[in-house]
Amino acid sequence: VIEIFSEHGCGERDGGPFAYLGHSLGPGGGRFNVQHGLGIGKRFGFTGGTDNHDGYPGGYGLGLTGVYAAQNTRPAIFEAIRARRTFAVTGDRIAVDFSADGAPMGSTVSVNGGVNLSFSVEGWDTLRHVELIRNNLPVMQACPDFSVPAPTGVQTYRFRIEWGWGPMKGYQIYDWTGSITIDHGKLTHVVPCFRSDPFDEHRRKEITGQDDQHCAWQSHTSRGGIITSRNSALACGPTDAIAIEIHGTQDTTIEIELDCSTRQSIVSTPVDWSVNNATDSKHLSTTLGQLLQGGQHLDFTDKMLTWAHVHRAVPSQLYRLSGSLRHASAQGAAFYYVRATQDNGHMAWSSPIWISGGA
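Keep in mind that this is a model prediction, so the values were computed, not measured.

## Considering the overall build of the chain
Moving on, step 1. When helices and strands are tallied, the chain shows five helices and 24 strands.
Moving on, step 2. Over its C-alpha atoms the chain spans a radius of gyration of 22 Å, differing by no more than 12% from the 21 Å that the globule rule assigns to 359 residues.
Moving on, step 3. With the principal axes as the frame, the chain shows a C-alpha extent of 75 × 50 × 40 Å.
Moving on, step 4. In the chain, which comprises 359 residues, the share counted as buried stands at 53%.
Moving on, step 5. In the chain, the proportion of contacts linking residues at least 24 apart, taken out of those at least 6 apart, comes to 71%.
Moving on, step 6. When the accessible area of the chain is evaluated, it comes to approximately 15600 Å², of which 51% is carbon and sulfur surface.
Moving on, step 7. The distance from the centre of the 28 positive side-chain charges to the centre of the 34 negative ones in the chain is 8 Å.

As structure tokens, this is what we get:
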């Protein structure tokens, strides 16, 4: 397997987003990427990883690996990695499934008169497009159908709550606690989107409680955390977030509580002195129907120059895509993989499938 994305950037191809153009490695030439290796006949799966020394594995925007393993055990996970049943994501935990006549990603299959390729992708934001790549070139693209009427009745929706920012050129650390409570619906999934900076062993960013009606969390943010040598724009940011999945109707009510306090600065500046020892709380009451119309804002700037934002809700027909393509025997040997891109810039890649033989 090969690391296709990390804090250093994206090594998929010569060009594209998040190229290796900085950090401690310096820029790479046109041969230092995954597509070059595939093009000269190498066979490997894809992984993503933080690739740093912050002590915060899985930091949002620094790369993660998905593994299709028979069990959640060490031997089963390593067996799946060796079999290349892996996919890589930048930060959002986009689920990617890719197969050829039932053989999973990472496989080699014989053309045998034709091969049916199929994929499905489930994101955490609107999917901009899902591309099927053959021999390093896109040959198919799937996009959501925005003409579909707004869903009614019980549906599954996803959105995110994001908080942080802070004053420009400020290094103040903001401590946050938050909660969300659902009425006339069910909280079915919560995913942390916590960045690794600013790192503090005594402030653990975590989900502190969760059931099907309620979730609580704690984190800390600072604009000073983005003053790093990291190349990827996804990794550098002054915010944390959680991604939420709710099963409900447009009338499902959502109550959000956020508490913020600040007492400490990474680097003391006059901007930071002006907000020291500040505390504030905000409450938002909304519905899924209202969030389908647009995001909503929580303003803490009367005391400490920071904000929170509840992003627009996304119905399942906009974050789920699937498709299929037939590879004819006359096309001969080839390799395929899936590349998915969300509206918020986060991406995912399946490991390739190789097709051998043919007329």
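Here the narrative resumes.
## Concerning the nonpolar core
Moving on, step 1. Core analysis: the biggest nonpolar cluster contains 33 residues, and Phe159, Ile161, Ile180, Ile244 and Ile254 have the highest contact counts within it.
Moving on, step 2. When contributions to this core are tallied by element, the ones reaching two or more residues are strand 12 (155–164), strand 13 (172–193), strand 15 (214–221), strand 16 (239–265), strand 17 (278–287), helix 4 (288–293) and strand 19 (307–310).
Moving on, step 3. In terms of residue count, strand 16 provides more of this core than any other element does, seven residues in total.
Moving on, step 4. Formed by 27 residues, the second largest nonpolar core is a distinct cluster that contains Ile94, Met105, Ala334 and Val338.

## Some words on the pattern of salt bridges
Moving on, step 1. Counted by the stated rule, this structure contains twelve salt bridges.
Moving on, step 2. Among the ionic pairs, Arg128 bridges to Asp343, the shortest N-O distance being 3.7 Å. Linking Arg128 in strand 10 (residues 127–134) with Asp343 in the loop between strand 22 (334–342) and strand 23 (347–350), this pair joins segments that are 215 residues apart in sequence.
Moving on, step 3. Its relative accessible area of 43% is what places Asp343 among the partly exposed residues.
Moving on, step 4. Each of Glu12, Arg13, Glu131 and Arg339 takes part in a single network of salt bridges with overlapping partners.

## Looking at the side chain of Gln296
Moving on, step 1. Position of Gln296 among the secondary structure elements: in strand 18 (residues 296–299).
Moving on, step 2. When neighbours within four sequence positions are excluded, Gln296 is seen to be in contact with Leu284, Thr286, Gln290, Leu291, Ala308, His309 and Val310.

## Some details on the packing of aromatic side chains
The geometry of two aromatic rings is summed up by the distance between their centres and the angle between their planes.
Moving on, step 1. Summed over the entire model, instances satisfying the criterion amount to eight aromatic pairs.
Moving on, step 2. Residues Phe46 and Tyr337 carry aromatic rings whose centres are separated by 5.4 Å and whose planes lie at 80° to one another, so their mutual orientation is edge-to-face. Taken together, the residues span a long stretch of sequence, with Phe46 in strand 3 (residues 46–48) and Tyr337 in strand 22 at a distance of 291 residues.
Moving on, step 3. By relative accessible area, which is 0% here, Tyr337 ends up buried.
Moving on, step 4. Between Trp163 and Trp217, the aromatic rings sit 5.5 Å apart at their centres with planes inclined by 20°, giving stacked as the arrangement. One end of the pair, Trp163, is in strand 12; the other, Trp217, is in strand 15, and 54 residues separate them in sequence.
Moving on, step 5. Exposure remark for Trp217: the relative accessible area of 1% places this residue in the buried category.
Moving on, step 6. Above the plane of the ring of Phe300 lies Lys282, whose end atom (NZ or CZ) is 5.9 Å from the centre.

## Considerations on the environment of Val310
Moving on, step 1. Here Val310 is to be found in strand 19.
Moving on, step 2. Sequence separation of Val310 and Cys10 is 300 residues, and the distance between their C-alpha atoms is 29 Å.
Moving on, step 3. Discounting chain neighbours no more than four positions away, the residues touching Val310 are Phe159, Arg160, Ile161, Ile256, Leu284, Leu291, Gly295 and Gln296.

## A short note on the sheet that holds strand 1 (residues 2–6)
Moving on, step 1. Ordered in space as 2-1-3, the three strands form an open sheet in which the pairing is mixed. The sheet terminates laterally at strand 2 (9–10) and strand 3, the two strands that pair on one side only.
Moving on, step 2. Here strand 1 pairs with strand 3 via three bridges, running parallel. Looking across to strand 3, one finds that Glu3 is bridged to Thr47.

## Some thoughts on the state of the cysteines
Moving on, step 1. Under the counting rule described, the total for this entry stands at zero disulfides.
Moving on, step 2. Of the cysteine sulfurs around Cys260, a residue in no disulfide, the closest is that of Cys215, at 18 Å.

## Some details on unusual backbone geometry
Moving on, step 1. One non-glycine residue, Arg84, lies in positive phi territory at about 65°.
Moving on, step 2. With respect to the element layout, Arg84 can be found in the loop between helix 2 (74–82) and strand 5 (86–89).
Moving on, step 3. A positive phi is found at His184, a non-glycine position, where the angle reads about 60°.
Moving on, step 4. With respect to the helices and strands, His184 occurs in strand 13.
Moving on, step 5. On the basis of relative accessible area, His184 is assigned to the exposed category, the value being 62%.

Conventions we followed
- In every chain, residue numbers begin from 1 and rise along the written sequence.
- Residue-level local features of this predicted model are given only where pLDDT is at least 70; pairs of side-chain atoms are given and counted only at 80 or more, and the full residue set underlies all totals for whole chains, interfaces and linings.
- In computing side-chain properties, one takes all heavy atoms of the structure into account and sets aside hydrogens as well as water.
- Elements are defined by DSSP. Helices are runs of H or I of four residues or more, strands are runs of E of two residues or more, and each kind is numbered from the N terminus.
- Atoms counted for the radius of gyration: C-alpha only. Globule rule: 2.2 Å times residue count to the power 0.38.
- Only protein chains enter the calculation, and the probe is 1.4 Å; a residue is then buried if its accessible area is under 20% of its type maximum, exposed if over 50%, and partly exposed in between.
- Any two residues having at least one pair of non-hydrogen atoms within 4.5 Å are treated as being in contact.
- Note on areas: Shrake-Rupley, 1.4 Å probe, and residue coverage restricted to the protein chains presented here.
- Neither His nor the chain ends is counted toward charge; the positive residues are Lys and Arg and the negative residues Asp and Glu.
- Every charge is mapped to an atom, namely NZ of Lys, CZ of Arg, CG of Asp or CD of Glu.
- Residues belong to a common nonpolar core when they are buried Ala, Val, Leu, Ile, Met, Phe, Trp, Tyr or Cys residues joined through side-chain atoms within 4.5 Å.
- Every case where a carboxyl oxygen of Asp or Glu lies within 4 Å of a side-chain nitrogen of Lys or Arg is listed as a salt bridge.
- For this analysis, a ring pair means two rings from Phe, Tyr or Trp (six-membered ring only for Trp) whose centres lie within 6.5 Å, classed as stacked if their planes differ by under 30 degrees, edge-to-face if by over 60, and tilted for the remaining angles.
- Note on geometry: a ring has a charge over it if NZ (lysine) or CZ (arginine) is within 6 Å of the ring centre and within 35 degrees of the ring normal.
- In short, DSSP must find at least two bridges between two strands for them to pair.
- Note on terminology: disulfide denotes any pair of cysteine sulfur atoms within 2.5 Å.

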